[in-house]
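Chain by chain, the residues run as shown.
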Amino acid sequence: MAGPCSAQLRGETDTFTAALRTLVNNPQFSDVTFVVGREQQKVFAHRCVLACRCQAFQGMLSQGLAGSEDPPGSDPPHGPFILGNVQPEVFLAVVEFLYTNSVTLNSHIALEVLTSSVEYGLQDLCKLCIEFIKDTLSVEQVCEALQAAVTYGLADLQQHCLAFIEGCTMAAVRTQGFHELSDVVLAWVLRSDRLAVDELDLVQAVREWAHVSSAVLERPVPEVAALPVQELRLPLLAPSELATLESHNQQDLLIPVESIAAAWRSHALRKGSGVPSRLCRPRRGTRPRDHHRHLDPHTK
């Protein structure tokens, strides 16, 4: 005699999701409260949902409030749990994802939700954020997105941001996000052959970045710029441009004297002798100059 048949059948997922969405930040039946952001906005949630969907919340809710004197085995506290370093809108987006497996994003919060997804170990939310950021990337946001991508090891987003910057370099280097790049990320960008900008303009952009970084970090300009300036292709500049650069450099010592001397040497010898070959390659946006033909290693 054959055994009983069994199957797992699924109902309408949209109806299920819509029902769970009504529980987001709903005080009814809530058993845990968060106080979020500088606004100290209360957010209501349900312990079982957060704990089963996110290990970080499971740990937080299991431990209870820091400094609690409740004896072991007592009911876990209802909060409030203080989350002062996150915007309420960002935290609510995370909570929405935990309840519905979907998220409502906009360009103002997407990067912060991405950050929260990494901090809470929510890989699926991270993927949704990356997809949204790539689809809505703008000049104003691209450098900030690149910094986040490098910080969190998101290689696909990192390459996407670089390609975007390569297509609108002059606009990108004028943004606040560019001035807030780390020295490591800026140096990585400057290694690209496809930047759509002339080297003279790029030197000026790096100088402005260095002065901003120097003020923020309270460190000398030459120190904060040490890594990025190694990627400036000074041999591409004409002698008159190099002379002007050398004069301006006396004011802030942005570029090491040795680098400027090496660029002069390439002019004197009419070849890129003693200079790394990458520093003699024109970029996509480099304006042609007469001496460039002497820098080409294939030219005899």
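Criteria and cut-off values
- By convention here, each chain's residues receive numbers from 1 onward along its written sequence.
- Where totals are concerned, whole chains, interfaces and linings use all residues; where local detail is concerned, this predicted model gives features only for residues with pLDDT of at least 70, and gives and counts side-chain atom pairs only at 80 or more.
- Hydrogens and water molecules were not included; the side-chain quantities draw on all heavy atoms of the structure.
- Put simply, DSSP H or I for four residues or longer makes a helix, DSSP E for two residues or longer makes a strand, and each gets a number counted from the N terminus.
- By the convention used here, residues are in contact when the closest approach between their heavy atoms is within 4.5 Å.
- Areas reported here follow the Shrake-Rupley algorithm with a probe of radius 1.4 Å; residue values treat only the protein chains shown as occluding.
- We treat Lys and Arg as the positive residues and Asp and Glu as the negative residues; His and chain ends play no part in the count.
- By convention, the point assigned to a charge is CZ for Arg, NZ for Lys, CD for Glu and CG for Asp.
- When DSSP finds two or more bridges between a pair of strands, those strands are recorded as paired.
- In this analysis, axes come from line fits to C-alpha atoms, helices being fitted only over the stretch in contact, and the angle between any two N-to-C directions falls in the range 0 to 180 degrees.
- Throughout this description, buried means an accessible area under 20% of the type-specific maximum (1.4 Å probe, protein chains only), exposed means over 50%, and partly exposed covers the range between.
- We define a nonpolar core as any set of buried Ala, Val, Leu, Ile, Met, Phe, Trp, Tyr and Cys residues linked to one another through side-chain atoms lying within 4.5 Å.
- For the purposes of this description, domain bounds are those given by an automatic or database domain assignment.

Student: So what exactly am I meant to see when it comes to the overall build of the protein here?
Tutor: The helix and strand tally for the protein stands at 16 helices and three strands. In terms of principal-axis extent, the alpha carbons of the protein reach across some 90 × 60 × 30 Å. Sequence-distant contacts in the protein: of pairs separated by 6 or more residues, those separated by 24 or more amount to 65%. Looking at the protein as shown, the accessible area adds up to about 16,800 Å², and 53% of this sits on carbon and sulfur atoms. Here the protein contributes 25 positive and 34 negative side-chain charges, whose respective centroids are spaced 11 Å apart.

Student: Help me out: how do you make sense of the sheet that holds strand β2 (residues 41–45) in this one?
Tutor: Think of a sheet as strands paired side by side through backbone hydrogen bonds, with each pair either parallel or antiparallel. One open sheet holds the three strands; their spatial order is β2-β1-β3, and the pairing between them is mixed. Across the chains shown, the open sheet's two edge strands, defined by having one partner strand only, are β2 and β3 (81–83). Geometrically, the sheet is characterised by an average inter-axis angle of 30° between neighbouring strands, direction not taken into account. Along the sheet face, helix α4 (residues 88–100) touches β1 (32–36), β2 and β3 and points at about 5° away from the line of β2.

Student: I would appreciate a short explanation of unusual backbone geometry in the present structure.
Tutor: Note: most residues except glycine have negative phi, and most peptide bonds are trans. Positive phi outside glycine occurs at N101, with the angle close to 60°. Position of N101 among the secondary structure elements: in the loop between α4 and α5 (110–119). Judged by relative accessible area, which is 45%, N101 ranks as partly exposed. The backbone of L253 sits at a positive phi, close to 55°, despite the residue not being glycine. Position of L253 among the secondary structure elements: in the loop between α14 (239–252) and α15 (257–269).

Student: So what exactly am I meant to see when it comes to the nonpolar core here?
Tutor: For soluble globular proteins, the rule of thumb is that nonpolar side chains tend to be buried together. Core analysis: the biggest nonpolar cluster contains 77 residues, and F34, L50, F91, L114, L232 and L234 have the highest contact counts within it. Here this core gets eight residues from one element, more than from any other, and that element is α4. Residues lining this core come from more than one domain, with at least three contributed by each of domain 1 (21–56 + 79–123) and domain 2 (178–299). Formed by six residues, the second largest nonpolar core is a distinct cluster that contains L236, A262, V275 and L295.

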